[in-house]
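# Tertiary structure, described
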Amino acid sequence: MDGFKNFIEKVGYPRLIIGGFLLVLCISAAMLSIPIPGLISDILIRIGMNGILVLAMVPAIQAGVGLNFALPLGVVCGLIGALISIEYKLAGFTGLFVAFAVAIPIAAIVGYFYGQMLNKMKGQEMTVGTYVGFSVVSGMCIFWLLAPFKSPELIWAVGGSGLRVTVSLESSIDKVLNRFLSFRFAGIQVPTGLLLFFALCCLIVWLFNKSKNGVIMNAAGSNERFASATGINVNRQRILGVILSTILGAVGIIVFSQSFGFLQLYNAPLFSAMPAVAAVLIGGASIRKVKISHVVIGTFLFQALLVVALPVLNTLADGSMSEVIRAIVQNGIILYALTRKTGGDLA
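Residues numbered from 1 in each chain as written. Predicted model: local features only at pLDDT ≥ 70, side-chain atom pairs only at ≥ 80, totals over all residues. Heavy atoms only, no water.

### A closer look at the UniProt feature "transmembrane region" (unreviewed entry) in the protein
- Look at the UniProt record and you will see "transmembrane region" (unreviewed entry) annotated at residues 16-40, 52-84, 90-114, 126-147, 188-208, 239-260, 266-285 and 292-313.
- The distance separating the terminal C-alpha atoms of residues 16-40 is 21 Å; by composition the span is 84% helix and 0% strand.
- Annotation note: span residues 52-84, helix share 73%, strand share 0%, distance between end C-alpha atoms 21 Å. (UniProt positions renumbered as here; feature names shortened; annotations may be inferred. Helix = DSSP H or I, 4+ residues; strand = E, 2+ residues; numbered from the N terminus.)

See below:
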C-alpha cells in the first residue's frame, strides 16, 4: 500500500488522471475504427508546434518568477518578426531565420523591461503577468491597424491599410520545418525538422541550466535569501529568466505559425499562455520547480489528449466537444496545480 502511495506521489495526480483518460480515449479510438496512424501524425505535429511555447515556462520558473502568464509579450514579438519577413517577401528557411533574427532582439528588450517591472512587484508576478499579457494584446490591436506594412498579403484588400486578422504563410514560411527531412512510416507522417528543432531548443535550455549562469539563476529562484547571502544579484537573475522566457515565446509562436500555416493577429494571442501553463503543470512542474522532462511529458499528454478526444467525442456525441474538453482539462489542471507546492517527481 505504501508503495502505491509513493508511486502516486512521484507521478503526481494530474499526470495520473490525464494519462489514464488518454489511455481510455486511445482504446475507444481503436474500437471506433478511427485511423490510429493519422492520430499519431497529428500528435507529433502538435508536440513540435506547441513544445517551444511550453519550454518558455522553464526559465521564468527557475528564476523564481513563477509561471509566465505574460507569454503574449513574447508571442507579439514573434508575430512582428514574422510580419517583417513576409513584408520583404522572404520565403523558406531564409524567411524563417530572418523572422527569428528580428523577433529575438525585440523579445530581449521587451523581456528586460518586463523583468524590471516584476522586480518591483515581487510576490504578485503571475497576477501581474496575466493582466500585462491581456493589456499588451489589446494595445497591439491598435498597432496592427496602424502598422506601416505595404505587402498585399498582409493588409486588407479594401482600404489598403491595417493588417488582416489572419495572414496566410503559403508563399513564405509555411511548413518549412515540418517538411524538412519529413518521411512517412507505417502510415505515420513524421515532421522530422519540426521535432528536431524542438529537441534543439530543449538541448539549448538544458545546456544553459548546466552552465554557471544557469546554476546561479536556479539558486536565485530556489532560495532568494540564501542566494542574496552568497552574493548573487537575485533581481538580475530574475530579469535574465524573464528575458529568456520572452525570447522562447517569440521563437515558439513563429514555429507554431509556420506549422499552422497562418499568422493570427489581434486577439488571437490573448490566451496563448494558458495551454502552455497547463501543459507544463501536467508534465509535473510546479510554480517553483521545473525540468525539461516536465515540458516534454506535459506537451505530449496535453496535445495527445486534445488530438484523440476530438474524433472520439465527435463520433460518440455526434458533435464537436473538443473545445469543451480542452477548457475543462486546461483550466482544471491550472487550478489544481496552483494549489500544490510540488507537481510530482517522476520525470
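### Structural notes on the packing of helix α5 (residues 71-87) against helix α12 (residues 234-260)
- For the pair α5 and α12, the least separation of the axes is 7 Å and the interaxial angle reads 50 degrees. Here α5 is positioned oblique relative to α12, judged by the angle of their axes. Note on packing geometry: the crossing formed by α5 with α12 is right-handed. For the pair α5 and α12, contact is made by Leu 71, Leu 73, Gly 74, Val 75, Cys 77, Gly 78 and Leu 79 and by Ser 245, Thr 246, Gly 249, Ala 250, Ile 253 and Ile 254, respectively.
- The class makeup of the residues in the contact of α5 with α12 is eight nonpolar, five polar and no charged. (Axes fitted to C-alpha atoms, helices over the stretch in contact; angles between N-to-C directions. Parallel < 35°, antiparallel > 145°, perpendicular 65-115°, else oblique. Left-handed = near helix turned anticlockwise from the far one by under 90°. Contact = heavy atoms within 4.5 Å. Nonpolar A, V, L, I, M, F, W, Y, C, P; charged D, E, K, R; others polar.)

### Here we look at empty space enclosed by the protein
- Applying the stated rule across the entire model yields two cavities of 30 Å³ or more.
- By volume, the second largest cavity amounts to about 30 Å³.
- Looking at the second largest cavity, the residues that line it are Phe 69, Pro 72, Thr 130, Phe 134, Leu 270, Phe 271, Ala 273 and Met 274.
- The set of elements that each furnish at least two residues to the lining of the second largest cavity consists of α7 (125-146) and α13 (273-282).
- Taken together, the residues of the lining of the second largest cavity break down into seven nonpolar, one polar and no charged. (1 Å grid on protein atoms, 1.4 Å probe; cavity = no way out; pocket = protein on both sides within 12 Å on 5 of 7 lines; lining within 4 Å. Points joined across faces, edges and corners; volume = space filled by probe spheres on them.)

### A word on the layout of surface pockets
- In this model, the second largest pocket occupies a volume close to 400 Å³.
- If you trace the second largest pocket, you find 19 residues lining it, with Gly 64, Val 65, Glu 125, Arg 238 and Arg 288 closest to the centre.
- Mapped onto the lining of the second largest pocket, the elements with two or more residues apiece are α7, α10 (212-222) and α12.
- Looking at the lining of the second largest pocket residue by residue, the class counts come to seven nonpolar, seven polar and five charged.

### A closer look at the packing of aromatic side chains
- Applying the stated rule across the entire model yields eight aromatic pairs.
- Between the aromatic rings of Phe 97 and Phe 100, the centroid separation amounts to 6.3 Å while the plane-to-plane angle is 50 degrees, which identifies the pairing as tilted. Residue Phe 97 and its partner Phe 100 are both found in helix α6 (residues 92-119); the two are separated by three residues, about one turn of the helix.
- According to the relative accessible area criterion, Phe 97 is partly exposed, its value standing at 45%.
- Taking relative accessible area as the criterion, Phe 100 reaches 7% and is therefore assigned buried. (Phe/Tyr/Trp six-rings, centres within 6.5 Å; stacked < 30°, edge-to-face > 60°. Buried < 20%, exposed > 50% of the residue type's maximum accessible area, 1.4 Å probe, protein only.)

### Some thoughts on unusual backbone geometry
- One non-glycine residue, Lys 89, lies in positive phi territory at about 55 degrees.
- When you line up the elements, Lys 89 lands in the loop between α5 and α6.
- Residue classification places Lys 89 among the exposed positions, given a relative accessible area of 64%.
- Phi is positive for Tyr 266, which is not a glycine, with a value near 60 degrees.

### Overview of the packing of α10 against α12
- In contact at an axis separation of 9 Å, α10 and α12 are set at 110 degrees when each is read in the N-to-C sense. Compared by their axis directions, α10 and α12 come out roughly perpendicular. When the axes of α10 and α12 are compared, the crossing they make is left-handed. Across from Asn 213, Ile 216, Met 217 and Ala 220 in α10, the residues of α12 making contact are Val 234, Gln 237, Leu 240 and Gly 241.
- When the residues that make up the contact of α10 with α12 are grouped by side-chain class, the tally is five nonpolar, three polar and no charged.

### Some details on the pattern of salt bridges
- In the structure shown here, the tally under the stated rule is three salt bridges.
- Put simply, Lys 122 and Glu 224 hold a salt bridge, and the shortest N to O gap is 3.0 Å. Here Lys 122 is found in the loop between α6 and α7, whereas its partner Glu 224 is found in helix α11 (residues 224-229), with 102 residues between them in sequence.
- Note on Lys 122: relative accessible area 34%, which makes it partly exposed.
- For Asp 174, the salt bridge goes to Lys 175, with nearest N and O atoms at 3.4 Å.
- The buried category is assigned to Asp 174, whose relative accessible area is 15%.
- A residue is classified by how much of its surface remains accessible, and Lys 175, at 27% relative accessible area, is partly exposed. (Salt bridge = Lys/Arg side-chain N within 4 Å of Asp/Glu carboxyl O.)

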